[in-house]
Amino acid sequence: MSMMVPQKFSTYVLDRESVTVEELVRELDLKELTVRNYLSRMKREGLLRRVGRGRYTVSHGAHSTPEVPEALERILSIISQEFPQLSPVAWSSSMLSEYMHNVPGRDLYVIDAPRNAVDRLADYLAARDILVFKDPGSDPLDAFAWSSLEAVFLFSKGETVASFPLDRYRVAMVDRIWVDLYFLCTRRELAFPLAELGVVLTNGYRSGVFSVDRMLMYSSRRGLRSEVLLILLELGKAYPNLGTLRDILPYGERALEWIEQVVIGASEGW
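Residues numbered from 1 in each chain as written. Predicted model: local features only at pLDDT ≥ 70, side-chain atom pairs only at ≥ 80, totals over all residues. Heavy atoms only, no water.

### As for the sheet that holds strand S7 (residues 151-155)
Heads up, the condition is: Pairing between two strands is assigned when DSSP locates at least 2 bridges connecting them. Strands here mean DSSP runs of E at least two residues long; helices mean DSSP runs of H or I at least four residues long; both are numbered from the N terminus. Between the N-to-C directions of two axes lies an angle of 0 to 180 degrees, each axis being a line fitted to C-alpha atoms and, for a helix, fitted only over the stretch in contact. In what follows, residue pairs with any heavy atoms lying within 4.5 Å of each other are defined as contacts.
In spatial order, the strands read S6-S7-S5-S4-S9-S8; together these 6 strands make up an open sheet with mixed pairing. Of all the strands in the sheet, the pair left with one neighbour each is strand S6 (131-134) and strand S8 (163-165). Looking at each pair of strands side by side, their axes are set apart by 25° on average, direction ignored. Strand direction decides the pairing type here: strand S5 (residues 109-112) and S7, joined by 3 bridges, are parallel. Bridging from a neighbouring strand, Val110 pairs with Phe153 of S7. Running over the sheet, helix H5 (residues 115-126) touches S6 and S7 and is turned about 160° from S6.

Spelled out as structure tokens, the structure:
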């Protein structure tokens, strides 16, 4: 079982541009093995990048955690009363609103919790008059679109990658929210225009809050890595100034030229 990172540790690290194992051992009075385990987990979650032996920097956009809406905050507060150790990951579609052209009128609340807690959590929320959809398919999403009740969608992934720890829960970073919305649109028929997701992606990347590494890391957990990679590749070809090719391909546009030459040779051989 992986070690949970205490909030005090993660907050201390994320308030710095870079840290070393030796510094944290000295400043926080922790064992070296403990510090290395914590840093390794934060790296897996997309919060840090390893830039040398025992040295880490805060990942691109790691501080860009959007504000949780009051209604979702209230639901999370209810959860913490009964499940104080759960630390679920939460997000809402409105948390991407500053990157949208057309903001949907209905907000979508999503909470990701470990699979072994989802059933108990769903029953607990339902007993408090909150409409709950567990791992929703297309039918529940259609019902949500027509319902006037406050609703929350429960994912049972228990995935903490690309999320930021707060007091009682974790908040999904904007690039993780984007991937989850893409999943709901393409796999669960959520009525959200894919073109608008393109707008969000471009604006988020241009503003510096979207991390390609983090998007690809989380999308692989969602089984979407190939699609997201192709989207970023095409976006980089259409808008070279965004720099996505540089982040995806180690040799950037040169690598793209090499790839095209190989494809041309393959087509001629066909």
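### Side note on the pairing of S5
The test is simple: Burial here depends on accessible area, computed with a 1.4 Å probe over protein chains only, as a share of the maximum for the residue type. Under 20% is buried, over 50% is exposed, and the range in between is partly exposed.
Burial along S5 is two-sided: the residues Tyr109 and Ile111 and Val110 and Asp112 are all buried. Relative to S5, strand S4 (residues 89-92) runs antiparallel, the two being bridged by 4 bridges. If you follow Trp91 over to S5, its bridge partner there is Val110.

### Observations regarding the packing of helix H7 (residues 174-187) against helix H9 (residues 212-221)
A pair of packed helices can be characterised by two numbers: the angle between their axes and the separation between those axes. Going by this rule: Throughout, the term roughly parallel applies to angles under 35 degrees, roughly antiparallel to angles over 145, roughly perpendicular to angles from 65 to 115, and oblique to all others. Left-handed describes a crossing whose near helix is turned anticlockwise from the far helix by less than a right angle; the clockwise case is right-handed. Side-chain classes follow a simple rule in which Ala, Val, Leu, Ile, Met, Phe, Trp, Tyr, Cys and Pro form the nonpolar group, Asp, Glu, Lys and Arg form the charged group, and the remainder, Gly included, forms the polar group.
The geometry of H7 relative to H9 is characterised by a closest axis approach of 9 Å and an angle of 40° between their N-to-C directions. The orientation of H7 with respect to H9, classified from their angle, is oblique. When the axes of H7 and H9 are compared, the crossing they make is right-handed. Residue-level contacts link Asp175, Arg176, Trp178, Val179 and Asp180 of H7 to Arg214, Met215, Tyr218 and Ser219 of H9. By residue class, the composition of the contact of H7 with H9 is 4 nonpolar, 1 polar and 4 charged.

### What about the sheet that holds strand S2 (residues 48-52)?
Here we have 3 strands laid out as an open sheet, ordered S1-S3-S2, and antiparallel in their pairing. Looking at which strands have only one partner, the edges of the open sheet turn out to be strand S1 (18-20) and S2. Averaged over all pairs of adjacent strands, the angle between their axes in this sheet comes to 30°, without regard to strand direction. Two elements, S2 and strand S3 (residues 55-58), share 4 bridges in a ladder whose sense is antiparallel.

### Overview of the packing of helix H4 (residues 70-82) against H5
The N-to-C vectors of H4 and H5 enclose an angle of 115°; their axes lie 11 Å apart at closest approach. In the packing of H4 onto H5, the handedness of the crossing is right-handed. Contacts between H4 and H5 involve Ile75, Ile78, Ile79, Gln81 and Glu82 on the former and, on the latter, Leu121, Tyr124 and Leu125. Its residues assigned to classes, the contact of H4 with H5 shows 6 nonpolar, 1 polar and 1 charged.

### A short note on the environment of Arg225
As for its position among the elements, Arg225 is in helix H10 (residues 225-238). Residue classification places Arg225 among the partly exposed positions, given a relative accessible area of 40%. Between the alpha carbons of Arg225 and Met215 there is a distance of 8.3 Å; along the sequence they are 10 residues apart. Residues within four places of Arg225 in sequence aside, it is in contact with Leu216, Ser219 and Ser220.

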